[in-house]
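The lines below spell out each chain.
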Amino acid sequence: MPGARDEVAALASAVDTMAASLQQRLEAEQRFTADVAHELRTPLTGLHTAAELLPPGRPTELVRDRVAALRTLTEDLLEVARLDANREEPQWEAHPLGPLVESITRRSGVAAEIVGGRTPTRVRTDVRRLERILANLLANARRHGGGPVTVTVSGTTVTVRDRGPGFPERLLREGPQRFLTGAPERGRGTGLGLTIALGQAQVIGARVTLANPAPAGASATVTLPPA
């Protein structure tokens, strides 16, 4: 019937328009992230140099601490921009997963119990990117979680778990969003840590699964491709 066909055509057109609008918004957000990061980098370098010339004292320590935090945020933004642009190229190597995870956890500075650290299963990965993923997950567990942090290695998977309030349901449902931590009880933050972890996981062919296991806490499981 002509009327039905017209309605279907109108609906299809509306869906296409909405999809195009969403794509434009996503691309605009990605350009904004990259532009802000690049614009901040130069003045922050000068600010860092100036802070190093300040006389010793508590005020100087506070200034240097805040400058360091801003530089870290800027580098995170640049990393997100590179991930958005699909410019990352992994350097593949084969490693036994257990000892690699033990080494990464020690370097992270997060006090965590390691279970299965002697697991000899070999995985195919980019060590630098895997370290970036696990370091972000460990930092997220320490900053927003609670209780002891546990790192469990089993087969080709690594699970980072805390005993805090768990991930917000919206985050589990929709995935991490930059500049949004999701719930006040998970603490303050930029929301970039999980964004970077999932982005780098995609680059190395890994999968990150977020969950709230019983009875409490949050867990992030990284599943890597076998060697």
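For the structure itself, consult the block above.
Keep in mind that what you see is a predicted model, and the values were worked out from it rather than measured.

The rules behind the values
- Residues numbered from 1 in each chain as written.
- Predicted model: local features only at pLDDT ≥ 70, side-chain atom pairs only at ≥ 80, totals over all residues.
- Heavy atoms only, no water.
- Pairing = 2+ DSSP bridges.
- Helix = DSSP H or I, 4+ residues; strand = E, 2+ residues; numbered from the N terminus.
- Core = buried A, V, L, I, M, F, W, Y, C linked by side-chain atoms within 4.5 Å.
- Buried < 20%, exposed > 50% of the residue type's maximum accessible area, 1.4 Å probe, protein only.
- Contact = heavy atoms within 4.5 Å.
- Salt bridge = Lys/Arg side-chain N within 4 Å of Asp/Glu carboxyl O.
- Axes fitted to C-alpha atoms, helices over the stretch in contact; angles between N-to-C directions.
- Parallel < 35°, antiparallel > 145°, perpendicular 65-115°, else oblique.
- Left-handed = near helix turned anticlockwise from the far one by under 90°.
- Nonpolar A, V, L, I, M, F, W, Y, C, P; charged D, E, K, R; others polar.

A. Geometry of the pairing of strand β4 (residues 149–154). Here strand β2 (residues 112–115) pairs with β4 via 4 bridges, running parallel. Paired with Ala112 across the bridge in β4 is Val149. Here β4 runs beside strand β5 (residues 157–161); their pairing, made up of 5 bridges, is antiparallel. The residue bridging Thr152 from the neighbouring strand is Thr159, located in β5.

B. The nonpolar core, seen in detail. Counting residues in hydrophobic clusters, the biggest one holds 31 residues, and the most contacted among them are Leu97, Leu134, Leu137, Val222 and Leu224. Going through the elements one at a time, α3 (97–108), α4 (127–144), β4, β5, α6 (192–203), β6 (207–211) and β7 (219–223) are the ones with two or more residues in this core. When residues in this core are grouped by element, the largest group, 7 residues, is from α4. Ignoring any residue separated from it by four or fewer positions in sequence, one finds Val222 in contact with Ile133, Leu134, Leu137, Thr156, Thr157, Val158, Ala206, Arg207 and Val208.

C. Region of the structure containing the pattern of salt bridges. Under the criterion given, the structure shown has 6 salt bridges. The residue Asp65 makes a salt bridge to Arg66 at a minimum N-O spacing of 2.7 Å. The shortest N-O distance in the salt bridge between Asp126 and Arg129 comes to 3.3 Å.

D. Representation of the side chain of Thr60 within the structure. Assignment of secondary structure puts Thr60 in helix α2 (residues 58–84). The contacts of Thr60, once residues within four sequence positions are left out, are Ala51, Leu54 and Pro55.

E. Structural view of the sheet that holds β7. Spatial strand order, β2-β4-β5-β7-β6: 5 strands in an open sheet with mixed pairing. Each of the sheet's edge strands pairs with one partner strand only, and the pair in question is β2 and β6. Geometrically, the sheet is characterised by an average inter-axis angle of 15° between neighbouring strands, direction not taken into account. Pairing geometry for β5 and β7, over 5 bridges, is antiparallel. Residue pairing for β7: Val160 is matched across the bridge by Ala220.

F. Spatial organisation of the packing of α3 against α4. Contact geometry of α3 with α4 gives a least axis separation of 10 Å together with a crossing angle of 55°. In this view, α3 runs oblique relative to α4, as classed from their interaxial angle. Along this stretch, α3 crosses α4, giving a crossing that reads as right-handed. Two secondary-structure elements touch here, α3 through Leu97, Leu100, Val101, Ile104, Thr105, Arg107 and Ser108 and α4 through Val127, Leu130, Glu131, Leu134 and Leu138. Of the residues assigned to the contact of α3 with α4, the class counts are 8 nonpolar, 2 polar and 2 charged.

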